[in-house]
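# Notes for the structure review
Each chain, written out:
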Amino acid sequence: MAMAISISISPNHNPVSFSSNTNPCPRPSILLFPKPCISSAFPSLSRRSLPSPPLPRSLLAARCSLLPRPEYIPNRIDDPSYVRIFDTTLRDGEQSPGATMTSKEKLAIARQLARLGVDIIEAGFPASSPDDLEAVRSIAIEVGNIPADESGHVPVICGLARCNKKDIDAAWEAVRHAKRPRVHTFIATSEIHMKYKLKKSREEVVRIASEMVAYARSLGCEDVEFSPEDAGRSDREFLYYVLEEVIKAGATTVNIPDTVGYTLPSEFGRLIADIKANTHGIENVIISTHCQNDLGLATANTLAGAYAGARQLEVTVNGIGERAGNASLEEVVMAIKCRKELVGGLHTGINSKHIVMASKMVAEYSGLHVQPHKAIVGANAFAHESGIHQDGMLKYKGTYEIISPEDIGLSRSNESGIVLGKLSGRHALRSRLLEFGYDINGKELDDVFKRFKEVAEKKKHISDDDIEALISDEIFQPQVVWSLGDLQVTCGTLGLSTATVKLITTDGEEKIACSIGTGPVDAAYKAVDSIVQIPVTLQEYSMNAVTEGIDAIATTRVVIRGDNSHTSTHALTGESVHRTFSGSGAGMDIVVSSVRAYISALNKMLGFQDLSASKAAAAKDKSFQLGFTRVYRIRRCDKATLPSNAKKA
């Protein structure tokens, strides 16, 4: 029986045709669409009675295509289906232990977030330290005024502030240079926070919240976001009242944080719906969500909030953040794109082809590497090892892949047919790098090519993972203060391990030191310490092989803490905390890899503050009077590289 069917769907149920003409099929073969569309087209058919054939990947791509981004107006969105993406990687994400980023690294990530299409970038907590204020200001000037692409999109630049004038002044000073500045202020509203942390009554909290929102508006900021911290555990009636008062005071966005990741999706969705239904004036502002991942429900809660009426979603790249992290940008965005029909036809302005590059930048600059099984961006997200899965993939990729790797900017296939080896030139290497999404030239390309040739001389086959490890080790490195010249170690059972290290300054000056230790890494690190003369504590050391085989490239990650400097104020607790700095290195020699990582972390720490010549000299003089201490915490490492006094994690 021949049959031809044409049905349509769009966010507003406008006609978009899809036809099926299949002779052998005895029943209509149509797509699963939202109930209103199905019931209007086939009132006699139930949703379950309709078969759902595999969707062509081209149709999946079309379904996920970008829709126009509505004009930015702080307190309203003219397209009711549009959801703003608020990225807080540079603020909440950086609060992860060891995730401290330099101003240069933050600026690079902010530029990538703008290319990604993020609507609002929370660039930091300016009152935390002068360095943070300067970093947010530079992002406001350089990213908050220049269109990220041909569409002309310029993101809002936001700064966080507690509900006090000092914080709000710092935030406004940092973001006011942007085309679209925003101040985000917060105070806790749950009983447990008001009683034990704030030690304030409900009346005091309401007064402070409304006065500080009004104060931010009085500075000239027309875009003010307010968050009732720990809203998930706050009394509902009190929460409605607080929100009503800050709306009267001039808030344009009210953010509902599940600060401790306590709620379940059904609870959080109901919370957003109840706020929308019971808060006077809520129709004049944007409702936002901020979900922590303590129970692993951040993405689910965020989607539930969006379905219930929230039109701004606060997320971080790779889901990094306090404790167990935040709702993951890539998970939330791709869930909305690929299950559009089940979230009310919502859409975002995110260009998903930039997701992979954003993920890599954040992982490398923050030092928080993505676990292999991480959704969307994990190394195993598009890997198929099971025979059954591989068979299905060979027959039709849609059997086990609901997202095309190309949709998020991941290209692992070598379409050009180029096989890289020791005879390959710069052009061939750059061609492969372009396939990975790295468009590099000049000195960066020269540096990667030099490292590539060194590896190619020793390895017969250069894998994609080898190349990406080299890219990370060259491109995603902090500003160079010290670089590794040469390294020689002697170790074994016949005597003490010794290491000779040559470091080179930015001026080309060479400094050499020799030291002994309980192992080759310990000896090498002591030699570096004697040259750099900066007291630090080594808090974490881990090593992994990039690929299989005895000739695999090793990647090393270290986390250090400066013993006498680099403190900042924690946004939520108000405590003064010592910053930690991560570094990574790669190489076929595990000792060389370890030293590269250590120098990378030192460079990040040294480059964190732009000290004047007098301050730098004073700091150097002081450092000579101090001893050197290191506390080792090893996760995974070849025993040959462990200092004898190391403790296993």
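Residues numbered from 1 in each chain as written. Predicted model: local features only at pLDDT ≥ 70, side-chain atom pairs only at ≥ 80, totals over all residues. Heavy atoms only, no water.

The protein is annotated in an unreviewed UniProt entry as 2-isopropylmalate synthase of Dioscorea zingiberensis. One UniProt comment on the protein, placed under Sequence similarities (unreviewed entry), says "Belongs to the alpha-IPM synthase/homocitrate synthase family. LeuA type 1 subfamily." (UniProt positions renumbered as here; feature names shortened; annotations may be inferred.)

Another aspect to go through is the overall build of the protein. In terms of regular secondary structure, the protein is built from 19 helices and 20 strands. Across the 649 residues that make up the protein, the buried fraction comes to 53%. Surface summary for the protein: the accessible area is close to 29100 Å², and the carbon and sulfur share equals 53%. (Helix = DSSP H or I, 4+ residues; strand = E, 2+ residues; numbered from the N terminus. Buried < 20%, exposed > 50% of the residue type's maximum accessible area, 1.4 Å probe, protein only. Areas by Shrake-Rupley, 256 points an atom, 1.4 Å probe, with all protein chains shown as cover.)

With that settled, the discussion passes to the packing of aromatic side chains. Geometrically, a pair of aromatic rings is defined through the distance of the ring centres and the angle of the planes. Evaluation of the coordinates by the stated rule reveals three aromatic pairs. An angle of 35° between the planes, with centres 6.3 Å apart, marks the rings of Phe449 and Phe452 as tilted. In this pair, Phe449 and Phe452 are both assigned in helix H15 (residues 442-456), three residues apart and thus about one turn of the helix distant. For Phe452, a relative accessible area of 1% gives the class buried. With a centroid separation of 4.0 Å and an interplanar angle of 10°, the aromatic rings of Tyr525 and Tyr598 are classed as stacked. (Phe/Tyr/Trp six-rings, centres within 6.5 Å; stacked < 30°, edge-to-face > 60°.)

Any two packed helices are characterised by how steeply their axes cross, that is the angle between the axes, and by the distance between the axes. Interhelical geometry of helix H10 (residues 298-308) versus helix H11 (residues 329-338) gives an angle of 45° and a closest axis separation of 9 Å. As far as their axial angle goes, H11 and H10 are oblique. Handedness of the crossing formed by H10 with H11: right-handed. Residues Thr299, Thr302 and Leu303 of H10 form the contact with H11, whose own contacting residues are Glu331, Val332, Ala335 and Ile336. Class assignment for the residues of the contact of H10 with H11 results in four nonpolar, two polar and one charged. (Axes fitted to C-alpha atoms, helices over the stretch in contact; angles between N-to-C directions. Parallel < 35°, antiparallel > 145°, perpendicular 65-115°, else oblique. Left-handed = near helix turned anticlockwise from the far one by under 90°. Contact = heavy atoms within 4.5 Å. Nonpolar A, V, L, I, M, F, W, Y, C, P; charged D, E, K, R; others polar.)

Here the focus is the sheet that holds strand S4 (residues 120-124). With parallel pairing, eight strands are arranged side by side around a closed barrel as S3-S4-S5-S6-S7-S8-S9-S10. With strand direction ignored, the average angle separating the axes of adjacent strands in the sheet is 25°. The pairing of strand S3 (residues 84-87) with S4 spans two bridges and is parallel. Each bridged residue has a counterpart across the sheet, and for Asp87 the counterpart in S4 is Ile121. In the packing of helix H8 (residues 236-249) onto the sheet, the strands contacted are strand S7 (224-229) and strand S8 (253-258), and the crossing angle to S7 comes to about 160°. (Pairing = 2+ DSSP bridges.)

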